[in-house]
Amino acid sequence: MGVRDRLQGIFRDVFDDDSIVLFDAMTANDIADWDSLTHISLVVASEKEFKTRFILKEVKALKNVGEFIAMIRQKTGLDE
Amino acid sequence: MNELRFDQLSLGMRADFDAVISATMVDQFAALSGDLSPLHMDKDFAVAAGHKDRVVHGLLSASLFSTLVGVHLPGKHALLHEIKAGFHNPVYPGETLKVGGEITYLNDAYKQAEIKASILGSDGKKLVSAILKVGLAV
C-alpha cells in the first residue's frame, strides 16, 4: 500500500469517516471536523504510521494534503 | 503540584498516587451529573445486581485521570486533549485506588504527550485503563 492510501486510512480513522478520499489540493476547508485537535491527531498518527518525526516548522509550511504526502515520501524514502 | 515542561518529559516517565472515592463523593457526582441510576445510588439495587456495594460512576473514577495529568504528570502546564477509557471492573466507594500513568509517546511538533494510564484496586486488579493525550503550554 502506498503513502497516499496509508495516509487516507489515517484520515478515515481520525475523522471516523470511511468516505474520505484524499486529493492533492485538499485542505482543512474540505473536511468539516478538521480542527486544531484533529490536526494534531493526524500528525501524530502519521508519525507513528510512517515511523518518522515532523517538526512544527515543516508542518506549518504545508499548504495542502499533496504537500504532506510529498513531505512523507521525502522523509521516509517511500516512492509510491 | 508538578510543573514539568515538555522538554523535561521523557518516554517511560511515570507518576502514581493513591485515591479513595467516598460514598459522599458518589452522591455529589450524582447530583452534579444528574446520573441518578440506582446502580450508583441504591445499595440494595446494586447488591441485587451482583455487586458488593453501590458502583462508583465510571466518569467519576476517570476523573482521577484529570488529577493525574493536571497535578502529577506533567502538572500545571497540562491541557487534556483526549481520553480513551475502558472500564474493566466496578469501583466501589471507600476502596483505595492506585492511579498511575506512564508516558508512551511524545510529539515534539505540537508538544503533546501520550500517557498510558490505569486505576488498580488495592489487590492489583485492573479497574479502569485509559490512553490520555495531553498538550503542554510550555
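Only a predicted model underlies this, so the values are computations on that prediction, with no experimental measurement involved. (Residues numbered from 1 in each chain as written. Chains lettered and ligands numbered in written order. Predicted model: local features only at pLDDT ≥ 70, side-chain atom pairs only at ≥ 80, totals over all residues.)

Undergrad: Quick rundown of the nonpolar core? Include the residues and the values.
TA: What tends to happen in soluble globular proteins is that the nonpolar side chains get buried as a cluster. In this structure, Leu68(B), Val69(B), Ile115(B), Leu132(B) and Val134(B) are the most contacted members of the largest nonpolar core, which totals 26 residues. Of all elements in the fold, only helix H4 (58–72), strand E3 (96–107), strand E4 (112–120) and strand E5 (126–136) of chain B reach the threshold of two or more residues within this core. The element that contributes the greatest number of residues to this core is E5(B), accounting for 6 residues. Setting aside chain neighbours within four positions, we find Ile115(B) in contact with Val69(B), Leu73(B), Gly101(B), Glu102(B), Ile103(B), Thr104(B), Leu132(B) and Val134(B). Counting residues in hydrophobic clusters, the runner-up holds 14 residues, among them Val3(A), Phe11(A), Val14(A) and Val44(A). (Core = buried A, V, L, I, M, F, W, Y, C linked by C-beta atoms within 7 Å. Buried ≥ 20, exposed ≤ 12 C-beta atoms within 10 Å, placed from the backbone. Helix = DSSP H or I, 4+ residues; strand = E, 2+ residues; numbered from the N terminus. Contact = placed C-beta atoms within 7 Å.)

Undergrad: I'd like a description of the interface of chain B and chain A, backed by residues and values.
TA: At the interface, 6 residues of chain B touch 10 residues of chain A. When its residues are assigned to classes, the side of chain B that touches chain A shows 2 nonpolar, 3 polar and 1 charged. (Nonpolar A, V, L, I, M, F, W, Y, C, P; charged D, E, K, R; others polar.)

Undergrad: Before we move on, can you summarise the sheet that holds strand E1 (residues 14–20) of chain B with the specific residues and values?
TA: Residues and elements named next belong to chain B. Pairing is antiparallel in the open sheet, where 5 strands are placed in the order E1-E3-E4-E5-E2. A strand with exactly one partner marks an edge of an open sheet, and here the two such strands are E1 and strand E2 (78–87). Averaged over all adjacent pairs, the angle separating strand axes in this sheet is 20 degrees, with direction ignored. Two strands pair when backbone bridges link them, and E2 and E5 are joined in this way by 9 bridges, in the antiparallel orientation. Bridge pairing links Leu-79 to Gly-135 in E5. (Pairing = 2+ DSSP bridges. Axes fitted to C-alpha atoms, helices over the stretch in contact; angles between N-to-C directions.)

Undergrad: Tell me about helix H1 (residues 3–15) of chain A, residues and numbers included.
TA: Side chains of residues three or four places apart in an α-helix project in the same direction, reflecting 3.6 residues per turn. Residues and elements named next belong to chain A. Taking 1.5 Å per residue, 13 residues should reach 18 Å; H1 reaches 18 Å between its end C-alpha atoms and fits that length. Three or more residues of H1 are buried, namely Val-3, Leu-7, Ile-10, Phe-11 and Val-14. One side of H1 carries all its buried residues, which in axial view fall inside an arc of 100 degrees. Elements in contact with the buried residues of H1: helix H2 (36–50) and helix H4 (65–76). (Expected span 1.5 Å × (residues − 1). Arc of directions from axis to C-beta.)

Undergrad: Requested: an account of the packing of H1(A) against H4(A), with residues and values cited.
TA: When two helices pack together, their arrangement is given by the angle between the helix axes and the distance between those axes. Residue and element names in this part refer to chain A. One way to put it is that H1 packs onto H4 with a least axis distance of 10 Å and a crossing angle of 120 degrees. Relative to H4, the element H1 lies oblique. Where H1 crosses over H4, the two elements pack in a sense that is right-handed. Contact residues: H1 offers Val-3, Arg-4 and Leu-7, while H4 offers Ile-69, Ile-72 and Arg-73. Of the residues that constitute the contact of H1 with H4, the class distribution is 4 nonpolar, no polar and 2 charged. (Parallel < 35°, antiparallel > 145°, perpendicular 65-115°, else oblique. Left-handed = near helix turned anticlockwise from the far one by under 90°.)

Undergrad: Please set out unusual backbone geometry residue by residue, giving values where relevant.
TA: In this model, Leu73(B) is joined to Pro74(B) through a cis peptide bond whose omega is 5 degrees. Mapped onto the fold, Pro74(B) is located in the loop between H4 and E2. The residue Lys51(A) is not glycine, and still its phi comes out positive at about 50 degrees. Residue classification places Lys51(A) among the exposed positions, given that 8 C-beta atoms sit within 10 Å. Positive phi values are uncommon outside glycine, yet Lys111(B) reaches one of about 50 degrees. Position of Lys111(B) relative to the elements: it lies in the loop between E3 and E4.

Undergrad: How would you summarise the packing of H1(A) against H2(A) if you had to cite specific residues and measurements?
TA: Residue and element names in this part refer to chain A. The N-to-C vectors of H1 and H2 enclose an angle of 140 degrees; their axes lie 10 Å apart at closest approach. Compared by their axis directions, H1 and H2 come out oblique. For H1 against H2, the interelement crossing comes out right-handed. Across from Arg-6, Leu-7, Ile-10, Phe-11, Asp-13, Val-14 and Phe-15 in H1, the residues of H2 making contact are Thr-38, Ser-41, Leu-42, Ala-45, Ser-46 and Glu-49.

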